[in-house]
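Chain residues, written in single-letter form:
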Amino acid sequence: TTTTNNNNDNNNDNNNNNNNGSGSENGKPDKPNKPNKPMAEGFVNNGSNINSSSNGNWNTLYTENFLNGFGIFRKGGSDAKHYIFLKKRDGVARIQGGNGMQSSIYSDAFDMGKSYSKLRVVFSFYGLGMEDNDSFCLDSSTDGGNTWSEEQCWESNDIRNKVWNDDEAVEFGVSNASSVSIRFRCNGSDRKDDVLISYVEIQGLP
């Protein structure tokens, strides 16, 4: 697990930028979102849901479909955008380039209540222009986003471009942490390297 520091000053920038990469030509950018308020305990922003359903011993804690903006996520900077419709799907978040936090979307801290030993993130993604030496990563933080740990990175060989990859799943330990944040980060070589995300589900294992 690789840990990185978050030194970017634009973490709370929630206004859309008009510089579009290769994933934007068929999309319809939404109007700029109002800044998300910090999440209170047991509350999820903007069109997402807290669920009490379970799958075996896994409990579904949070879901996000991006129908009403970034929802439980925030844009890390100008290389992240939200679309009302893109690539035949309603509600899509796009990250592009390889500018660290600028090229990411990240969540506020989910309240875990020290009740879970593992988290599982299930999501759908679509790669555009992801070639040799391009990748994207799922990161986690247990200290409110001050530091981030790489949980899994998908290299170019792992990514099928121009097709939706549904039900991608990553599990990682949270050591009974009281709160956890997650981040999707594009690590491309230029702003024509895009990853689209249309659905995210956060599950916890007691």
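For the structure itself, consult the block above.
Residues numbered from 1 in each chain as written. Predicted model: local features only at pLDDT ≥ 70, side-chain atom pairs only at ≥ 80, totals over all residues. Heavy atoms only, no water.

**Student:** Just checking my understanding: could you explain the environment of Asn68 for this structure?
**Tutor:** Residue position: Asn68 is located in the loop between β5 (58–64) and β6 (73–75). For Asn68, a relative accessible area of 46% puts it in the partly exposed group. Separated by 16 residues in sequence, Asn68 and Ile84 have C-alpha atoms that sit 7.9 Å apart. (Helix = DSSP H or I, 4+ residues; strand = E, 2+ residues; numbered from the N terminus. Buried < 20%, exposed > 50% of the residue type's maximum accessible area, 1.4 Å probe, protein only.)

**Student:** What am I meant to see in the nonpolar core here?
**Tutor:** General note: in soluble globular proteins, nonpolar side chains tend to be found buried as a group. Counting residues in hydrophobic clusters, the biggest one holds 34 residues, and the most contacted among them are Phe73, Ile105, Val121, Phe172, Ile182, Phe184 and Val200. Where this core is concerned, the elements lending two or more residues are β5, β8 (89–96), β11 (118–128), β12 (135–141), β14 (164–173), β15 (179–187) and β16 (194–205). The residues contacting Val121, other than those within four sequence positions of it, are Leu138, Glu168, Ala169, Val170, Phe172, Ile182, Phe184, Val200, Glu201 and Ile202. (Core = buried A, V, L, I, M, F, W, Y, C linked by side-chain atoms within 4.5 Å. Contact = heavy atoms within 4.5 Å.)

**Student:** Any chance you could explain the state of the cysteines here in plain terms?
**Tutor:** Covalent bonding between the sulfur atoms of two cysteines defines a disulfide. Scanning the entire structure with this criterion turns up 1 disulfide. Note that Cys137 is cross-linked by a disulfide to Cys153, the S-S spacing being 1.9 Å. Judged by the torsion about the S-S bond (105 degrees), the Cys137/Cys153 disulfide is right-handed. Placement of Cys137 in strand β12 and of Cys153 in strand β13 (residues 147–155) is noted, with a sequence separation of 16 residues between them. Cys137 gets classed as buried once you look at its relative accessible area, which sits at 1%. Taking relative accessible area as the criterion, Cys153 reaches 22% and is therefore assigned partly exposed. In this structure Cys186 is a free cysteine whose sulfur lies 9.1 Å from that of Cys137, the closest cysteine sulfur available. (Disulfide = S-S within 2.5 Å.)

**Student:** Help me understand the packing of aromatic side chains in this model?
**Tutor:** Describing an aromatic ring pair means giving the distance of the ring centres and the angle of the ring planes. Applying the stated criterion across every chain yields a total of 10 aromatic pairs. With a centroid separation of 4.9 Å and 55 degrees between ring planes, the pair formed by Phe125 and Phe136 is classed as tilted. Note that Phe125 is positioned in strand β11 and Phe136 in strand β12, a separation of 11 residues in sequence. Take Phe125 and Phe136: they sit in the same class, and that class is buried. Put simply, the rings of Phe66, Phe73, Phe123, Phe125, Phe136, Trp154 and Phe184 pair up and form one aromatic cluster. The ring of Trp58 carries Arg120 above its face, with NZ or CZ at 4.2 Å from the centroid. (Phe/Tyr/Trp six-rings, centres within 6.5 Å; stacked < 30°, edge-to-face > 60°. Lys NZ or Arg CZ within 6 Å of the ring centre and 35° of its normal.)

**Student:** Would you mind going over the pattern of salt bridges with me for this structure?
**Tutor:** Should the charged atoms of two oppositely charged side chains come close, the side chains can pair. What the rule picks out here adds up to 8 salt bridges. Arg89 is the salt-bridge partner of Asp166, the closest N and O atoms lying 2.9 Å from each other. One end of the pair, Asp166, is in strand β14; the other, Arg89, is in strand β8, and 77 residues separate them in sequence. With relative accessibility at 22%, the residue Arg89 sits in the partly exposed group. In this structure, Arg185 and Glu150 form a salt bridge, with 3.2 Å as the shortest nitrogen-oxygen distance. Highlighted residues: Arg185 in strand β15 and Glu150 in strand β13, separated in sequence by 35 residues. Overlapping salt bridges bring together Asp139, Glu150, Arg183 and Arg185 as one network. (Salt bridge = Lys/Arg side-chain N within 4 Å of Asp/Glu carboxyl O.)

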